[in-house]
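# Secondary and tertiary structure notes
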Amino acid sequence: MTRPARTHVRSRSRSWTLNLLYAWELGGDGTPLAYAQRTLAHRTMSERYRPHVERLLDTVGRNLAEIDAAIVRHASNWRLERLHAIDRNILRIGIAELRWFDDVPPRVTIHEALKLAHRYGSPGSPRFLNGVLDAVLKAGEVEP
């Protein structure tokens with residue numbers, strides 16, 4: 001059984017978004033979307049990924065303070081700056097989708113975040129990120 005094309009495009013788009021957010025945070029300037037647009041002028045990314053990548057980056061950039069506040073509220077005993085940059089940015093993507101993307105079911109968002117954590121994070125990342133995103137969902141900050 002094959003995955004629907006839309007699902008594959010969104011999965012790959014999340015990976016691109018994570019890579020761009022990570023690079024932006026480590027040394028980019030301006031908004032995440034502006035940084036990505038400058039970066040992608042010199043890199044090749046399939047046009048089918050661009051709409052979802054830009055939507056995610058724009059949403060994260062416009063709501064960064066609110067997203068980071070949610071991370072701090074739900075990542076018990078962790079300061080934002082102490083989180084690994086990969087984990088922090090996976091959480092940003094996940095919270096952006098949970099909060100502002102009505103077309104993506106919350107459980108899909110969490111599952112996709114865990115896939116990113118398994119691929120790019122540390123061994124403890126999936127469990128930690130699952131706990132934080134589940135707490136955001138249960139706190140009623142998004143509609144289940």
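Look a little higher up for the structure.
Here goes a summary of the coordinates provided. On a predicted model such as this, the values are computed, not experimentally measured, just so you know.

Let's shift gears to the overall build of the chain. When its secondary structure is counted, the chain shows seven helices and zero strands. Reading the secondary structure of the chain in the N-to-C direction produces α-α-α-α-α-α-α. Its C-alpha atoms give the chain a radius of gyration of 14 Å, near enough to 15 Å, the size a compact globule of 144 residues would have. Oriented by its inertia axes, the alpha-carbon framework of the chain measures out at about 40 × 40 × 30 Å. Considering the chain as a whole, with its 144 residues, one finds that 48% of them fall into the buried category. When the accessible surface of the chain is split by element, carbon and sulfur atoms take 53% of a total near 7900 Å². Across the chain, 22 positive and 16 negative side-chain charges occur, with their mean positions spaced 5 Å apart.

Between helix α5 (residues 85-100) and helix α6 (residues 106-120), whose axes approach to 9 Å, the crossing angle comes to 165°. In terms of orientation, α5 and α6 fall into the roughly antiparallel class. Considering the relative orientation of α5 and α6, their crossing is right-handed. Where α5 abuts α6, its residues I86, I90, G94, E97 and L98 lie against P106, T109, A113, L116, A117 and Y120. Split into classes, the residues belonging to the contact of α5 with α6 amount to eight nonpolar, two polar and one charged.

Looking at the element boundaries, L64 is found in helix α4 (residues 64-74). When the C-alpha positions of L64 and A96 are compared, they lie 8.9 Å apart, and in sequence the two are 32 residues distant.

Within the secondary structure layout, D68 lies in helix α4. For D68, a relative accessible area of 12% translates into the label buried. Of note is the side chain of D68, whose polar atom sits 2.8 Å from the side chain of R92. Discounting residues that sit within four places of it in the chain, D68 has contacts with L80 and R92.

The next subject is the packing of α4 against α5. Where α4 meets α5, the closest approach of the two axes is 10 Å, and the angle between their N-to-C directions is 110°. In this view, α4 runs roughly perpendicular relative to α5, as classed from their interaxial angle. For the pair α4 and α5, the contacting residues are L64, E66, I67, D68, A70 and I71 in the first and R88, L91, R92, I95, A96, R99 and W100 in the second. Partitioned by chemical class, the residues of the contact of α4 with α5 number eight nonpolar, no polar and five charged.

Before going further, it helps to examine unusual backbone geometry. In this model, N77 sits at a positive phi of 65°, which is unusual for a non-glycine residue. Here N77 falls in the exposed class, since its relative accessible area comes to 81%.

Our focus in this paragraph is the pattern of salt bridges. Evaluation of the coordinates by the stated rule reveals 16 salt bridges. As a salt-bridge pair, E25 and R92 come within 3.4 Å of each other at their nearest N and O atoms. Of this pair, E25 sits in helix α1 (residues 5-27) while R92 sits in helix α5, and the two are 67 residues apart along the sequence. Among the ionic pairs, R99 bridges to E66, the shortest N-O distance being 3.6 Å.

Thresholds applied
Residues numbered from 1 in each chain as written. Predicted model: local features only at pLDDT ≥ 70, side-chain atom pairs only at ≥ 80, totals over all residues. Heavy atoms only, no water. Helix = DSSP H or I, 4+ residues; strand = E, 2+ residues; numbered from the N terminus. Rg over C-alpha atoms; globule rule 2.2 N^0.38 Å. Buried < 20%, exposed > 50% of the residue type's maximum accessible area, 1.4 Å probe, protein only. Areas by Shrake-Rupley, 256 points an atom, 1.4 Å probe, with all protein chains shown as cover. Lys, Arg positive; Asp, Glu negative; His and termini not counted. Charge placed at Lys NZ, Arg CZ, Asp CG, Glu CD. Axes fitted to C-alpha atoms, helices over the stretch in contact; angles between N-to-C directions. Parallel < 35°, antiparallel > 145°, perpendicular 65-115°, else oblique. Left-handed = near helix turned anticlockwise from the far one by under 90°. Contact = heavy atoms within 4.5 Å. Nonpolar A, V, L, I, M, F, W, Y, C, P; charged D, E, K, R; others polar. Polar contact = N/O pair within 3.5 Å; in protein donor to acceptor, adjacent residues only side chain to side chain. Salt bridge = Lys/Arg side-chain N within 4 Å of Asp/Glu carboxyl O.

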